[in-house]
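# A closer look at the structure
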Amino acid sequence: MVNSNSANITESDLIQGTVIASQANFYQVRLDSNESLLCTRPTRLKKIGQSVFVGDRVLVKSTEFERGAIASVLPRETELERPPIANAQQILLVFALEEPTLDPVQLSRFLVKAESTKLKLLLGLNKVDLICPEKQKAWQERLCAWGYEPYFFSVQTSQGVPSLQKVLANKITILAGPSGVGKSSLTSLLIPEIEVRVGEVSGKLQKGRHTTRHVELFELPSGGYIADSPGFNQPHFDFSVESLVNYFPEARARLAENTCKFHNCIHKDEPDCAVKGDWERYPYYLKFLEEAIAFQEATAHKKDEESTVKTKFKANGKKYTEPKLESKKYRRVSRKVSNQKLEDLYNLQNLDSDELE
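Residues numbered from 1 in each chain as written. Predicted model: local features only at pLDDT ≥ 70, side-chain atom pairs only at ≥ 80, totals over all residues. Heavy atoms only, no water.

It is worth spelling out the pairing of strand β1 (residues 15-23) at this point. Where β1 meets strand β4 (residues 57-62), four bridges bridge the pair, whose relative direction is antiparallel. When the bridges of β4 are listed, Q16 appears paired with L59. Where β1 lies against strand β2 (residues 26-31), six bridges are found, and the strand directions are antiparallel. For G17, the partnering residue across the bridge sits in β2 and is L31. The turn linking β1 back onto β2 is made up of two residues, and A24 within it adopts a positive phi angle of 55 degrees. (Pairing = 2+ DSSP bridges. Helix = DSSP H or I, 4+ residues; strand = E, 2+ residues; numbered from the N terminus.)

Right, here's the structure in full:
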(Lines give C-alpha, C1' and ligand atoms only; values in the text may rest on other atoms or scores of the structure.)
Protein backbone atom coordinates (compact mmCIF):
# COMPACT_ATOMS: atom_id res chain seq x y z
CA MET A 1 0.00 0.00 0.00
CA VAL A 2 1.07 3.56 -0.67
CA ASN A 3 1.62 6.01 2.19
CA SER A 4 0.00 9.44 1.91
CA ASN A 5 3.42 11.09 2.30
CA SER A 6 4.68 9.65 -1.01
CA ALA A 7 5.72 12.40 -3.36
CA ASN A 8 4.41 10.87 -6.54
CA ILE A 9 1.61 8.32 -6.71
CA THR A 10 1.39 6.43 -9.96
CA GLU A 11 -1.46 4.30 -11.25
CA SER A 12 0.49 1.18 -10.32
CA ASP A 13 0.48 2.34 -6.69
CA LEU A 14 -3.33 2.40 -6.57
CA ILE A 15 -5.48 -0.54 -5.53
CA GLN A 16 -8.79 -1.56 -7.07
CA GLY A 17 -11.84 -2.37 -5.04
CA THR A 18 -15.64 -2.19 -4.80
CA VAL A 19 -17.58 0.23 -2.62
CA ILE A 20 -19.83 -1.92 -0.44
CA ALA A 21 -21.28 0.70 1.94
CA SER A 22 -21.37 4.44 2.48
CA GLN A 23 -22.20 6.90 5.21
CA ALA A 24 -21.76 10.65 4.76
CA ASN A 25 -18.23 11.03 3.34
CA PHE A 26 -17.00 7.59 4.42
CA TYR A 27 -16.94 4.57 2.11
CA GLN A 28 -16.26 0.97 2.99
CA VAL A 29 -14.27 -0.54 0.10
CA ARG A 30 -13.73 -4.27 -0.39
CA LEU A 31 -10.33 -4.49 -2.07
CA ASP A 32 -9.64 -7.10 -4.72
CA SER A 33 -7.20 -8.62 -2.23
CA ASN A 34 -10.29 -9.40 -0.10
CA GLU A 35 -9.30 -6.83 2.55
CA SER A 36 -11.56 -3.97 3.63
CA LEU A 37 -10.50 -0.35 3.80
CA LEU A 38 -12.41 2.65 5.12
CA CYS A 39 -12.01 5.48 2.60
CA THR A 40 -12.95 9.10 2.09
CA ARG A 41 -13.74 11.03 -1.07
CA PRO A 42 -11.15 13.77 -1.64
CA THR A 43 -12.20 17.36 -2.25
CA ARG A 44 -10.85 17.07 -5.79
CA LEU A 45 -13.56 14.55 -6.71
CA LYS A 46 -16.23 16.74 -5.14
CA LYS A 47 -15.11 19.74 -7.17
CA ILE A 48 -15.42 17.87 -10.47
CA GLY A 49 -18.84 16.55 -9.42
CA GLN A 50 -17.76 12.91 -9.25
CA SER A 51 -20.24 10.99 -7.12
CA VAL A 52 -19.39 7.70 -5.45
CA PHE A 53 -22.12 5.05 -5.36
CA VAL A 54 -22.26 1.74 -3.59
CA GLY A 55 -21.22 -0.79 -6.24
CA ASP A 56 -18.67 1.53 -7.83
CA ARG A 57 -15.35 0.07 -8.88
CA VAL A 58 -12.74 2.48 -7.55
CA LEU A 59 -9.00 3.05 -7.39
CA VAL A 60 -7.87 3.84 -3.86
CA LYS A 61 -4.66 4.84 -2.15
CA SER A 62 -3.94 4.09 1.48
CA THR A 63 -3.36 6.85 4.02
CA GLU A 64 -2.29 6.83 7.61
CA PHE A 65 -4.32 5.24 10.43
CA GLU A 66 -5.28 2.31 8.15
CA ARG A 67 -7.61 4.44 6.09
CA GLY A 68 -7.70 5.26 2.41
CA ALA A 69 -8.80 7.83 -0.13
CA ILE A 70 -10.67 7.18 -3.36
CA ALA A 71 -8.42 8.40 -6.15
CA SER A 72 -10.86 7.78 -9.02
CA VAL A 73 -14.08 6.03 -9.97
CA LEU A 74 -13.91 3.57 -12.85
CA PRO A 75 -16.55 3.77 -15.63
CA ARG A 76 -19.93 2.36 -14.62
CA GLU A 77 -21.72 -0.37 -16.52
CA THR A 78 -25.09 0.56 -15.02
CA GLU A 79 -26.31 3.31 -12.72
CA LEU A 80 -29.46 3.84 -10.66
CA GLU A 81 -30.26 7.00 -8.75
CA ARG A 82 -33.04 5.52 -6.61
CA PRO A 83 -31.61 3.55 -4.94
CA PRO A 84 -28.14 4.99 -5.65
CA ILE A 85 -26.18 1.98 -6.82
CA ALA A 86 -23.71 1.35 -9.62
CA ASN A 87 -22.87 -1.72 -11.69
CA ALA A 88 -25.87 -3.80 -10.61
CA GLN A 89 -26.71 -6.43 -13.23
CA GLN A 90 -30.09 -7.64 -12.05
CA ILE A 91 -32.99 -7.24 -9.64
CA LEU A 92 -34.42 -10.09 -7.58
CA LEU A 93 -38.00 -9.16 -6.77
CA VAL A 94 -39.22 -11.25 -3.82
CA PHE A 95 -42.88 -11.85 -2.99
CA ALA A 96 -44.67 -14.38 -0.79
CA LEU A 97 -47.30 -16.73 -2.17
CA GLU A 98 -49.07 -16.82 1.20
CA GLU A 99 -48.85 -15.01 4.52
CA PRO A 100 -49.42 -12.48 3.05
CA THR A 101 -51.42 -13.78 0.10
CA LEU A 102 -49.95 -12.72 -3.22
CA ASP A 103 -51.78 -9.68 -4.62
CA PRO A 104 -51.47 -9.46 -8.43
CA VAL A 105 -51.94 -5.66 -8.47
CA GLN A 106 -49.22 -5.03 -5.90
CA LEU A 107 -46.97 -7.54 -7.65
CA SER A 108 -47.54 -5.76 -10.96
CA ARG A 109 -46.69 -2.42 -9.37
CA PHE A 110 -43.30 -3.74 -8.26
CA LEU A 111 -42.73 -5.47 -11.60
CA VAL A 112 -43.37 -2.25 -13.52
CA LYS A 113 -40.99 -0.30 -11.28
CA ALA A 114 -38.33 -2.99 -11.64
CA GLU A 115 -38.80 -3.06 -15.43
CA SER A 116 -38.20 0.70 -15.55
CA THR A 117 -34.62 0.20 -14.31
CA LYS A 118 -33.77 -1.70 -17.55
CA LEU A 119 -31.91 -4.30 -15.47
CA LYS A 120 -32.47 -8.03 -15.82
CA LEU A 121 -35.49 -8.96 -13.72
CA LEU A 122 -35.73 -12.13 -11.61
CA LEU A 123 -39.00 -12.94 -9.83
CA GLY A 124 -38.75 -15.07 -6.70
CA LEU A 125 -41.87 -16.39 -4.96
CA ASN A 126 -41.30 -17.46 -1.37
CA LYS A 127 -43.32 -19.82 0.89
CA VAL A 128 -44.03 -22.36 -1.84
CA ASP A 129 -44.35 -24.89 0.98
CA LEU A 130 -47.64 -23.21 2.00
CA ILE A 131 -49.49 -23.89 -1.27
CA CYS A 132 -50.54 -27.06 -3.07
CA PRO A 133 -48.91 -28.17 -6.36
CA GLU A 134 -52.07 -27.24 -8.29
CA LYS A 135 -51.93 -23.65 -7.05
CA GLN A 136 -48.23 -23.43 -7.87
CA LYS A 137 -48.94 -24.62 -11.40
CA ALA A 138 -51.73 -22.07 -11.77
CA TRP A 139 -49.39 -19.23 -10.74
CA GLN A 140 -46.70 -20.59 -13.06
CA GLU A 141 -49.05 -20.46 -16.05
CA ARG A 142 -50.46 -17.08 -15.07
CA LEU A 143 -47.07 -15.43 -14.70
CA CYS A 144 -45.83 -17.05 -17.89
CA ALA A 145 -48.70 -15.26 -19.68
CA TRP A 146 -47.44 -12.04 -18.12
CA GLY A 147 -44.00 -12.73 -19.57
CA TYR A 148 -42.14 -14.05 -16.51
CA GLU A 149 -40.59 -17.33 -15.40
CA PRO A 150 -40.70 -17.23 -11.58
CA TYR A 151 -38.40 -19.00 -9.14
CA PHE A 152 -40.51 -20.82 -6.54
CA PHE A 153 -38.68 -21.34 -3.24
CA SER A 154 -39.07 -21.61 0.52
CA VAL A 155 -36.66 -20.23 3.10
CA GLN A 156 -38.32 -22.51 5.64
CA THR A 157 -37.50 -25.76 3.83
CA SER A 158 -34.73 -24.48 1.48
CA GLN A 159 -36.74 -25.79 -1.48
CA GLY A 160 -35.70 -24.03 -4.69
CA VAL A 161 -32.89 -22.04 -2.99
CA PRO A 162 -30.04 -23.75 -4.92
CA SER A 163 -31.58 -22.50 -8.19
CA LEU A 164 -31.49 -18.95 -6.83
CA GLN A 165 -27.89 -19.35 -5.70
CA LYS A 166 -26.86 -20.22 -9.25
CA VAL A 167 -28.43 -17.14 -10.86
CA LEU A 168 -27.07 -14.82 -8.15
CA ALA A 169 -23.46 -16.03 -8.28
CA ASN A 170 -20.81 -13.52 -9.41
CA LYS A 171 -23.30 -10.70 -10.01
CA ILE A 172 -24.48 -7.63 -8.15
CA THR A 173 -28.17 -8.20 -7.48
CA ILE A 174 -30.61 -5.68 -6.02
CA LEU A 175 -32.96 -7.39 -3.57
CA ALA A 176 -36.40 -5.76 -3.52
CA GLY A 177 -39.97 -6.42 -2.50
CA PRO A 178 -42.55 -5.45 0.13
CA SER A 179 -42.16 -6.06 3.85
CA GLY A 180 -42.94 -9.44 5.36
CA VAL A 181 -42.22 -11.60 2.32
CA GLY A 182 -38.98 -13.13 3.61
CA LYS A 183 -36.23 -10.94 2.12
CA SER A 184 -34.23 -10.85 5.36
CA SER A 185 -34.68 -14.59 5.89
CA LEU A 186 -33.53 -15.27 2.33
CA THR A 187 -30.46 -13.08 2.82
CA SER A 188 -29.58 -14.90 6.04
CA LEU A 189 -29.99 -18.24 4.25
CA LEU A 190 -27.80 -17.18 1.34
CA ILE A 191 -25.18 -15.54 3.59
CA PRO A 192 -24.97 -17.44 6.90
CA GLU A 193 -22.42 -14.98 8.32
CA ILE A 194 -24.63 -11.99 7.53
CA GLU A 195 -24.87 -10.70 11.13
CA VAL A 196 -21.09 -10.84 11.53
CA ARG A 197 -20.55 -8.98 8.26
CA VAL A 198 -23.26 -6.44 9.06
CA GLY A 199 -21.70 -5.77 12.45
CA GLU A 200 -18.25 -5.38 10.91
CA VAL A 201 -19.37 -2.90 8.26
CA SER A 202 -21.70 -1.01 10.61
CA GLY A 203 -18.99 -0.71 13.25
CA LYS A 204 -16.46 0.76 10.83
CA LEU A 205 -19.02 3.23 9.50
CA GLN A 206 -20.27 3.91 13.05
CA LYS A 207 -23.90 3.22 12.26
CA GLY A 208 -26.52 0.66 13.18
CA ARG A 209 -27.94 -1.97 10.84
CA HIS A 210 -31.54 -0.87 11.29
CA THR A 211 -31.01 2.90 11.46
CA THR A 212 -29.44 3.38 8.05
CA ARG A 213 -31.42 3.92 4.88
CA HIS A 214 -28.39 3.64 2.63
CA VAL A 215 -27.70 0.85 0.18
CA GLU A 216 -25.24 -1.81 1.30
CA LEU A 217 -23.65 -4.73 -0.53
CA PHE A 218 -23.34 -8.11 1.16
CA GLU A 219 -20.95 -10.63 -0.36
CA LEU A 220 -22.25 -14.06 -1.31
CA PRO A 221 -20.12 -17.12 -0.44
CA SER A 222 -20.19 -18.16 -4.12
CA GLY A 223 -19.12 -14.70 -5.30
CA GLY A 224 -21.14 -11.63 -6.16
CA TYR A 225 -23.15 -9.30 -3.95
CA ILE A 226 -26.70 -8.73 -2.79
CA ALA A 227 -27.69 -5.08 -2.50
CA ASP A 228 -29.95 -4.26 0.41
CA SER A 229 -32.04 -1.46 -1.12
CA PRO A 230 -34.71 -0.01 1.22
CA GLY A 231 -35.38 2.85 -1.18
CA PHE A 232 -36.82 0.48 -3.80
CA ASN A 233 -39.40 -1.09 -1.53
CA GLN A 234 -42.09 1.56 -2.03
CA PRO A 235 -42.32 1.95 -5.81
CA HIS A 236 -43.55 5.17 -7.38
CA PHE A 237 -44.21 5.76 -11.06
CA ASP A 238 -41.73 8.59 -11.53
CA PHE A 239 -41.28 7.98 -15.25
CA SER A 240 -42.95 9.37 -18.36
CA VAL A 241 -46.49 8.40 -19.31
CA GLU A 242 -45.34 7.31 -22.77
CA SER A 243 -42.79 4.85 -21.38
CA LEU A 244 -45.23 2.95 -19.13
CA VAL A 245 -46.36 0.55 -21.87
CA ASN A 246 -42.77 -0.67 -22.30
CA TYR A 247 -42.76 -2.05 -18.77
CA PHE A 248 -45.46 -4.64 -19.51
CA PRO A 249 -43.98 -7.62 -21.43
CA GLU A 250 -47.44 -8.51 -22.77
CA ALA A 251 -47.84 -5.01 -24.23
CA ARG A 252 -44.35 -5.10 -25.73
CA ALA A 253 -45.24 -8.36 -27.46
CA ARG A 254 -48.40 -6.81 -28.93
CA LEU A 255 -46.49 -3.78 -30.20
CA ALA A 256 -43.91 -6.07 -31.78
CA GLU A 257 -46.66 -7.64 -33.89
CA ASN A 258 -48.66 -4.49 -34.74
CA THR A 259 -48.33 -0.74 -34.46
CA CYS A 260 -50.84 1.78 -33.19
CA LYS A 261 -52.52 4.19 -35.61
CA PHE A 262 -51.19 7.24 -33.76
CA HIS A 263 -47.52 7.59 -32.86
CA ASN A 264 -48.37 9.30 -29.55
CA CYS A 265 -50.93 6.71 -28.51
CA ILE A 266 -51.10 6.12 -24.76
CA HIS A 267 -53.25 3.01 -25.33
CA LYS A 268 -56.34 4.18 -23.52
CA ASP A 269 -59.15 5.54 -25.73
CA GLU A 270 -57.41 5.93 -29.09
CA PRO A 271 -58.82 4.08 -32.12
CA ASP A 272 -56.86 1.29 -33.82
CA CYS A 273 -54.64 0.75 -30.78
CA ALA A 274 -52.47 -2.37 -30.87
CA VAL A 275 -52.25 -2.66 -27.09
CA LYS A 276 -55.90 -2.51 -26.03
CA GLY A 277 -57.43 -5.95 -25.59
CA ASP A 278 -58.51 -8.67 -23.23
CA TRP A 279 -55.10 -9.49 -21.74
CA GLU A 280 -55.29 -9.86 -17.96
CA ARG A 281 -53.18 -6.92 -16.87
CA TYR A 282 -54.67 -4.32 -19.21
CA PRO A 283 -56.89 -2.97 -16.36
CA TYR A 284 -53.72 -2.70 -14.25
CA TYR A 285 -52.08 -0.77 -17.07
CA LEU A 286 -54.98 1.72 -17.14
CA LYS A 287 -54.80 2.12 -13.35
CA PHE A 288 -51.06 2.76 -13.41
CA LEU A 289 -51.48 5.09 -16.40
CA GLU A 290 -53.74 7.37 -14.34
CA GLU A 291 -51.16 7.40 -11.56
CA ALA A 292 -48.35 8.22 -13.99
CA ILE A 293 -50.41 11.05 -15.51
CA ALA A 294 -51.18 12.45 -12.04
CA PHE A 295 -47.49 12.29 -11.10
CA GLN A 296 -46.47 14.03 -14.31
CA GLU A 297 -49.03 16.80 -13.80
CA ALA A 298 -48.02 17.28 -10.16
CA THR A 299 -44.36 17.49 -11.15
CA ALA A 300 -45.10 20.06 -13.86
CA HIS A 301 -47.20 22.13 -11.42
CA LYS A 302 -44.42 22.05 -8.85
CA LYS A 303 -41.89 23.21 -11.43
CA ASP A 304 -44.20 26.08 -12.40
CA GLU A 305 -44.47 27.13 -8.76
CA GLU A 306 -40.72 26.90 -8.25
CA SER A 307 -40.12 29.02 -11.36
CA THR A 308 -42.21 31.95 -10.05
CA VAL A 309 -41.30 32.06 -6.36
CA LYS A 310 -38.13 31.81 -4.33
CA THR A 311 -37.64 30.61 -0.77
CA LYS A 312 -36.07 32.84 1.87
CA PHE A 313 -35.49 32.55 5.60
CA LYS A 314 -36.24 35.08 8.33
CA ALA A 315 -33.85 35.86 11.19
CA ASN A 316 -35.73 33.43 13.43
CA GLY A 317 -35.19 30.64 10.91
CA LYS A 318 -38.77 30.53 9.60
CA LYS A 319 -39.14 29.93 5.87
CA TYR A 320 -41.17 32.13 3.55
CA THR A 321 -41.53 32.67 -0.19
CA GLU A 322 -41.69 35.74 -2.36
CA PRO A 323 -42.05 36.27 -6.13
CA LYS A 324 -38.91 36.07 -8.19
CA LEU A 325 -37.85 39.33 -9.80
CA GLU A 326 -38.61 38.18 -13.32
CA SER A 327 -41.38 40.63 -14.12
CA LYS A 328 -41.27 44.41 -13.77
CA LYS A 329 -44.38 44.44 -11.58
CA TYR A 330 -42.45 42.58 -8.87
CA ARG A 331 -39.31 44.71 -8.97
CA ARG A 332 -38.74 47.11 -6.12
CA VAL A 333 -38.28 50.75 -7.03
CA SER A 334 -34.70 51.79 -6.43
CA ARG A 335 -33.92 54.28 -3.66
CA LYS A 336 -32.51 56.74 -6.21
CA VAL A 337 -35.71 56.75 -8.26
CA SER A 338 -37.82 57.10 -5.11
CA ASN A 339 -35.80 60.12 -3.99
CA GLN A 340 -36.14 61.68 -7.44
CA LYS A 341 -39.92 61.30 -7.31
CA LEU A 342 -40.03 62.84 -3.82
CA GLU A 343 -37.90 65.77 -4.99
CA ASP A 344 -40.18 66.34 -8.01
CA LEU A 345 -43.22 66.23 -5.77
CA TYR A 346 -41.62 68.76 -3.38
CA ASN A 347 -40.80 71.13 -6.29
CA LEU A 348 -44.30 70.76 -7.65
CA GLN A 349 -45.81 71.64 -4.28
CA ASN A 350 -43.57 74.75 -4.02
CA LEU A 351 -44.51 75.74 -7.57
CA ASP A 352 -48.19 75.47 -6.74
CA SER A 353 -47.67 77.56 -3.61
CA ASP A 354 -45.89 80.32 -5.61
CA GLU A 355 -48.70 80.37 -8.18
CA LEU A 356 -51.32 80.67 -5.43
CA GLU A 357 -49.50 83.67 -3.95
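Below, the discussion takes up helix α2 (residues 104-115). Compared with the 16 Å implied by 1.5 Å per residue over 12 residues, the 16 Å span of α2 between its first and last C-alpha is a close match. Where α2 starts, the residue carrying a side-chain oxygen 3.2 Å from the main-chain nitrogen of V105 turns out to be D103. (Expected span 1.5 Å × (residues − 1). Polar contact = N/O pair within 3.5 Å; in protein donor to acceptor, adjacent residues only side chain to side chain.)

Our next topic: the nonpolar core. The tendency in soluble globular proteins is for nonpolar side chains to be buried side by side. Membership of the largest hydrophobic core comes to 65 residues, with the highest contact counts inside it found for I70 and I85. Per element, the largest residue contribution to this core is six residues, and it comes from helix α8 (residues 282-308). Other than its neighbours up to four places away in sequence, I70 contacts Y27, C39, T40, P42, L45, V52, V58, L59 and V60. (Core = buried A, V, L, I, M, F, W, Y, C linked by side-chain atoms within 4.5 Å. Buried < 20%, exposed > 50% of the residue type's maximum accessible area, 1.4 Å probe, protein only. Contact = heavy atoms within 4.5 Å.)

Here the UniProt-annotated "binding site: Zn(2+)" (unreviewed entry) positions come out as C260, C265, H267 and C273. With respect to the helices and strands, the residue H267 is situated in the loop between α7 (249-257) and α8. Excluding residues that lie within four positions of it along the chain, H267 makes contacts with V245, L255, C260, C273, V275, K276, Y282, Y285 and L286. Mapped onto the elements of the fold, C273 is located in the loop between α7 and α8. Overall, the relative accessible area of 13% leaves C273 in the buried class. Discounting residues that sit within four places of it in the chain, C273 has contacts with C260, C265 and H267. (UniProt positions renumbered as here; feature names shortened; annotations may be inferred.)

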